[in-house]
Amino acid sequence: MMRTTTDLWGNPVSNASAADIRGLEGAITLMNAYQADPLAAVDRLIAENPEFVMAHAFRAGMLATTGDKAFEGELAKSVAAAEALLAKANDRERLHIAATRAWLDGRFDEANDRWGRAAMLYPRDTLAVQFAQLTDFFLGYSHMLRDRVARVLPHWDKNVPNYGFVLGMYAFGLEESGDYAQAESMGREAVALDGRDAWAAHAVAHVMEMQGRATDGAEWLETTSAHWAPNGLFNFHNWWHQALFVLDTGDVKGALGIFDKKIAANGYSQALELVDGAAMMWRLSSFGHDVGDRWTKIADGWTSRLNDGYYAFNDLHAMMSFIGAGRAAEQKLLLKAAERSAEGKGTNAMMSREIGLPSLKGFMAFGRGAYDEAVEHLLPVRGKANRFGGSHAQRDIFSWTLVEAALRAGDRSLAEGLVAERLAGKPESRINLAWDERVCQLPSRLAA
Ligand SMILES: [Fe+2]
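Each value, and the rule that gives it
Residues numbered from 1 in each chain as written. Predicted model: local features only at pLDDT ≥ 70, side-chain atom pairs only at ≥ 80, totals over all residues. Helix = DSSP H or I, 4+ residues; strand = E, 2+ residues; numbered from the N terminus. Rg over C-alpha atoms; globule rule 2.2 N^0.38 Å. Buried ≥ 20, exposed ≤ 12 C-beta atoms within 10 Å, placed from the backbone. Contact = placed C-beta atoms within 7 Å. Domains from an automatic or database assignment. Nonpolar A, V, L, I, M, F, W, Y, C, P; charged D, E, K, R; others polar. Core = buried A, V, L, I, M, F, W, Y, C linked by C-beta atoms within 7 Å. Axes fitted to C-alpha atoms, helices over the stretch in contact; angles between N-to-C directions. Parallel < 35°, antiparallel > 145°, perpendicular 65-115°, else oblique. Left-handed = near helix turned anticlockwise from the far one by under 90°.

### Side note on the overall build of the chain
Move 1: Assigned secondary structure in the chain consists of 23 helices and two strands.
Move 2: The C-alpha atoms of the chain give a radius of gyration of 22 Å, which matches the 22 Å a tight globule of 448 residues would have.
Move 3: With respect to the principal axes defined by its C-alpha atoms, the chain has extents near 80 × 45 × 35 Å.
Move 4: Scored against the burial criterion, the 448 residues of the chain give a buried share of 54%.
Move 5: Nonlocal contacts in the chain, meaning residues at least 24 apart in sequence, comprise 60% of its contacts between residues at least 6 apart.

### Comments concerning the domain arrangement of the chain
Move 1: On domain assignment, one finds that the chain holds domain 1 (1-135), domain 2 (141-248) and domain 3 (267-409).
Move 2: The C-alpha centroid of domain 2 is placed 24 Å from the C-alpha centroid of domain 1.
Move 3: Contact residues are listed per partner, giving 18 residues for domain 1 and 21 residues for domain 2.
Move 4: The set of elements that each furnish at least two residues to the side of domain 1 that touches domain 2 consists of helix 1 (18-33), helix 6 (108-121) and helix 7 (126-139).
Move 5: If you tally residues by element for the side of domain 1 that touches domain 2, the top one is helix 7, at five residues.
Move 6: Residues belonging to the side of domain 1 that touches domain 2 are distributed by class as follows: 10 nonpolar, seven polar and one charged.

### Details of the nonpolar core
Move 1: With 151 residues, the main nonpolar core has Ala171, Ala243 and Met319 as its most contacted residues.
Move 2: Setting aside residues up to four positions removed in sequence, Ala243 forms contacts with Ala255, Ile258, Phe259 and Met280.

### Description of unusual backbone geometry
Move 1: The linkage connecting Ala36 with the following residue, Asp37, adopts the cis geometry, with an omega of -5 degrees.
Move 2: One can find Asp37 in the loop between helix 1 and helix 2 (38-48).
Move 3: Of note in the backbone geometry, Tyr34 takes a positive phi value of approximately 55 degrees without being a glycine.
Move 4: As for its placement among the helices and strands, Tyr34 is situated in the loop between helix 1 and helix 2.
Move 5: Accessibility expressed as a C-beta count within 10 Å gives 25 for Tyr34, which makes it buried.

### Notes on the packing of helix 11 (residues 198-210) against helix 13 (residues 235-248)
Move 1: Contact pair helix 11 / helix 13: the axes reach a minimum separation of 10 Å and the direction vectors enclose 20 degrees. By the criterion of interaxial angle, the relationship of helix 11 to helix 13 is roughly parallel. In this structure, helix 11 crosses over helix 13, and the sense of that crossing is left-handed. Between helix 11, through Ala198, Ala201, His202, Ala205 and Glu209, and helix 13, the contact on the second element is made entirely by His237, Asn238, His241 and Leu244.
Move 2: Across the contact of helix 11 with helix 13, the residue classes break down as four nonpolar, four polar and one charged.

Right, here's the structure in full:
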């Protein structure tokens, strides 16, 4: 018998049997933990009950928050299926459905707002909190990554199932807001409560990345992976962080090994994996390390998304890949697609105008050795790049590329300033110290 009832967190669920709701709770827990496979679990729920409103909204939310246009067709189907059931939906489900419609139509900020409202109305709706936080991430709302979760925390304690996952989300928000001590403490607590929590492990890894604690970070991920890795959907990204740590210990071969086994070996099935692949290869290549033919598969993955115009942050990583693989025609096509996006509607138009286009031009200039021009494009973007999303660690690619461009252009004052900025945050980073040495070898600006 179908009726409106509640899940174990007290959230109203419409048009679902008790068995449907138990299944939904299991899928939510998998999603919160980033453990395989919430999509398969939701598909089973929909097969059992094709009019299960929240299952359709959940499926659409998962597909939207991949940030990958490759899933747009499936997202459109889920949104349509959910909208067809609006008459049977409660107010919480209507907010979820409205969020997915907004995302599908390119209004990312409106999607974020709808999930955020659902989270405030139903503070134990972890899906709403999680989708809102993921879209805070895509939108670059660093402080909202923290405050979004702080809003709901008074409604949680250790006796409520999945409390640890909420702490894990809070830990990541604290880290992105610069409160490293509290972030590490919360993240460690979350991992202690549930070792499967890949997001909480990730939050602690971010703290260590921001503080230049490469050895600590590598150990932390290695140790905790025994619990999150076996069925983790987020492993590739945590391994990306692992490769960054290993690289900063000076072990290039080790970083490439992690890249090959843990990131590339999966075949880049989604944009987020291509982002991580490109980000790691760019760092290694721009340091002059031979990465063999590793760019080829990454560039191939982006080629199918070439006329994307979906998300400027992805575009930049596609551009890195086309530069790395030496594909000039694709670089131009991508730039054209981004120019069209910038003139269009939706959140990505702003992202492309303000961050995407100057970034693409800057990286293209870097790729052809026009380092002064690269600086002209990239330096003004450095301080506002959060507007196209990502984490501080991911956007470090701007600082990284600018330092290299300044050094190669022989611009000592710029290189000195940028390296000083990096050393202030990570005084013991081998990479930063290597850059500092190169700065010292440039002719003094006072001697000019
Ligand atoms: Fe990360």
